[in-house]
Amino acid sequence: MATRIQPVTSIFIFILLFTGSGIGSLGQQYQLVVSTWPFVEAVRAAWRAVDNGSSAVEAVVEGCSACEELRCDGTVGPGGSPDENGETTIDAMVMNGVTMEVGAVAAMRYVKDGIRAARLVMQHTKHTLLAGEKASDFAISMGLPGPTNLSSLESIEKWKKWKKDRCQPNFWKDVVSADRCGPYHPKNDTQHSMGACSNVDLMGTMNARSFHFGHHSHDTISMAVIDKMGHVAVGTSTNGATFKIPGRVGDGPIAGSSAYADAEVGACGATGDGDIMMRFLPCYQVVESMRQRMDPTLLSS
C-alpha cells in the first residue's frame, strides 16, 4: 500500500484502528476527535459537541464548520485559494462510518458553509455529491445563507499579483497561449485553432509544473470523530488548490481519497496533492488494509 501512494508529492495521513468486534464495542468512554494540521479550535468545537452527547456526524460538522468560519490557514472556508478567475469555491464531504452514507459538495459557489451543505446532501437526498452552482442552489434552498461573494480582499490581491506574474505557476500542461494567461490551446492543435498566420509566440508553451508541497502549502481539514456510542464519522472541507482551473474538483469531496470510515475497521484522513490522491484513493486503501490486519505503522510509512 505504501508504494501505491508514493507518487503523492506530499501526504499526511491519520489513522484510527479498531480491534475486537468493531468500534461499537468500545463503549461510551472512548470518544475521540482527531484532525489534520494544528487546527486546534476546530478540534475543540468537535470535542465540545461529542462530549455533550452529539453524534459523530454532528461533531464532525461542528468541527469542520469552525474551521470554515476561522478560515483555517486560508485554505478552508471562504476568502482563500482563488481560481484562475479570482473566485473562491468550496469542496466538502461528510461520511457516516456506521451507515456508510456520504454527502458531499464540489466546486460550490456563493455558499460558505461547505460541510453543512454536505450534511444536507446526506440527510435530504439519495445522492452522494452535488457540484457547482446547482449545489449552491440546493444549499440555499435548504436554508443555508447565500448567495454571497466567497472572495476576500486577500484572495483578490493574491490573484492580481499572480496575473501580474503572467499567471505563473499554473496547472496547465502541453498548451500554448498568446500571453501566458490564456486562452490556452493544445500544442498540437495550434495552427488549426489559432489560424495558420497566427503571431503566437511558441516560446509561450506552458510546461507541466512540479509543485512542491510542504506544511504551508497543504490545504483541507480532514477530521474523524468517535462518539459516546462508539460510532465513527469523518469529514473534510477545503477551498481547493490556489489558481486552479475553474471547475476543478479536488480530493476533498471524494470518499476514499481525503477521508474514509468504516465502523467495523477504522478511519483515515489525508491531505496532499489531491489530483494525485484521487488516482490512488489512499484512505480507502488504508482502511481496507487495516481490515486485513496490516500494521498501521506500515500503512503510513
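Keep in mind it's a predicted model, so treat the numbers as computed, not measured.

Participant: Please clarify how the packing of helix α2 (residues 56-70) against helix α3 (residues 114-124) should be interpreted in this entry.
Facilitator: Relative orientation and spacing of two packed helices are given, respectively, by the angle between their axes and the distance between those axes. In the contact formed by α2 and α3, the axes pass within 8 Å of each other and the chain directions differ by 150 degrees. When the axes of α2 and α3 are compared, the pair comes out roughly antiparallel. Where α2 approaches α3, its residues Val57, Glu58, Val61, Glu62, Cys64, Ser65 and Glu68 are matched on the opposing element by Gly114, Ile115, Arg116 and Arg119. Classifying every residue of the contact of α2 with α3 gives four nonpolar, two polar and five charged.

Participant: Before we go on, may I ask you to explain the nonpolar core in this structure?
Facilitator: Note that soluble globular proteins tend to have their nonpolar side chains buried in a common cluster. Core analysis: the biggest nonpolar cluster contains 38 residues, and Met108, Ile221, Met223 and Val225 have the highest contact counts within it. Going through the elements one at a time, α1 (40-51), α2, β3 (90-96), β4 (102-108), α3, α4 (132-141) and β8 (221-226) are the ones with two or more residues in this core. When residues in this core are grouped by element, the largest group, seven residues, is from α2. Counting residues in each nonpolar core, the second largest holds 21 residues, with Ala259, Ala270, Cys283 and Met290 among its members.

Participant: I would appreciate a short explanation of the sheet that holds strand β2 (residues 32-35) in the present structure.
Facilitator: What links the strands of a sheet is backbone hydrogen bonding, and the strands pair in either a parallel or an antiparallel sense. Strand order in this open sheet of six strands is β2-β8-β9-β3-β4-β5, and the pairing throughout is mixed. Either end of the sheet is taken by a strand with one partner, and the two such strands are β2 and β5 (129-131). Across the sheet, the axes of successive neighbouring strands diverge by a mean angle of 10 degrees, strand direction being ignored. In terms of strand pairing, β3 meets β4 through five bridges, oriented antiparallel. Opposite Ile90, over in β4, you have Met108 as the bridge partner.

Participant: I tried to follow the side chain of Arg119 on my own but got confused; where do I start?
Facilitator: In this structure, Arg119 sits in helix α3. Those residues in contact with Arg119 that lie beyond four places of it in its chain are Val57, Glu58, Val61 and Val94.

Participant: Looking at this structure, how should I read the packing of aromatic side chains?
Facilitator: By convention here, two paired aromatic rings are described through the distance between centres and the angle between planes. Enumeration according to the criterion identifies three aromatic pairs in this entry. Pairing Trp162 with Phe243 gives two aromatic rings, centres 4.5 Å apart and planes at 5 degrees, and the pair type is stacked. Taken together, the residues Trp162 in helix α5 (residues 153-164) and Phe243 in the loop between β9 (232-238) and β10 (259-262) connect sequence positions 81 residues apart. By the burial criterion, Trp162 is buried, and Phe243 matches it.

Participant: Could you clarify how one ought to interpret the side chain of Gln31 in this entry?
Facilitator: Inspection of the secondary structure assignment puts Gln31 in the loop between β1 (11-17) and β2. Polar side-chain contacts of Gln31 include one of 3.5 Å to the side chain of Asp51. With near-sequence residues (within four places) excluded, Gln31 lies in contact with Trp47, Val50, Asp51, Ile226, Asp227 and Lys228.

Participant: Honestly, the environment of Gly63 in this entry has me stumped. Any pointers?
Facilitator: By the secondary structure assignment, Gly63 is in helix α2. Along the primary structure Gly63 and Ala224 are separated by 161 residues, whereas in three dimensions their C-alpha atoms are 9.6 Å apart. Discounting chain neighbours no more than four positions away, the residues touching Gly63 are Ala42, Ala45, Ala46 and Met223.

Participant: Just to check I follow, could you spell out the pattern of salt bridges for this structure?
Facilitator: Taken as a whole and assessed by the stated rule, the structure comprises twelve salt bridges. A salt bridge links Glu133 to Arg109, with the nearest nitrogen and oxygen atoms 3.1 Å apart. In this pair, Glu133 sits in helix α4 while Arg109 sits in the loop between β4 and α3, placing the two residues 24 residues apart along the sequence. With a relative accessible area of 39%, Glu133 lands in the partly exposed category. A residue is classified by how much of its surface remains accessible, and Arg109, at 25% relative accessible area, is partly exposed.

What counts and how
Residues numbered from 1 in each chain as written. Predicted model: local features only at pLDDT ≥ 70, side-chain atom pairs only at ≥ 80, totals over all residues. Heavy atoms only, no water. Axes fitted to C-alpha atoms, helices over the stretch in contact; angles between N-to-C directions. Helix = DSSP H or I, 4+ residues; strand = E, 2+ residues; numbered from the N terminus. Parallel < 35°, antiparallel > 145°, perpendicular 65-115°, else oblique. Contact = heavy atoms within 4.5 Å. Nonpolar A, V, L, I, M, F, W, Y, C, P; charged D, E, K, R; others polar. Core = buried A, V, L, I, M, F, W, Y, C linked by side-chain atoms within 4.5 Å. Buried < 20%, exposed > 50% of the residue type's maximum accessible area, 1.4 Å probe, protein only. Pairing = 2+ DSSP bridges. Phe/Tyr/Trp six-rings, centres within 6.5 Å; stacked < 30°, edge-to-face > 60°. Polar contact = N/O pair within 3.5 Å; in protein donor to acceptor, adjacent residues only side chain to side chain. Salt bridge = Lys/Arg side-chain N within 4 Å of Asp/Glu carboxyl O.

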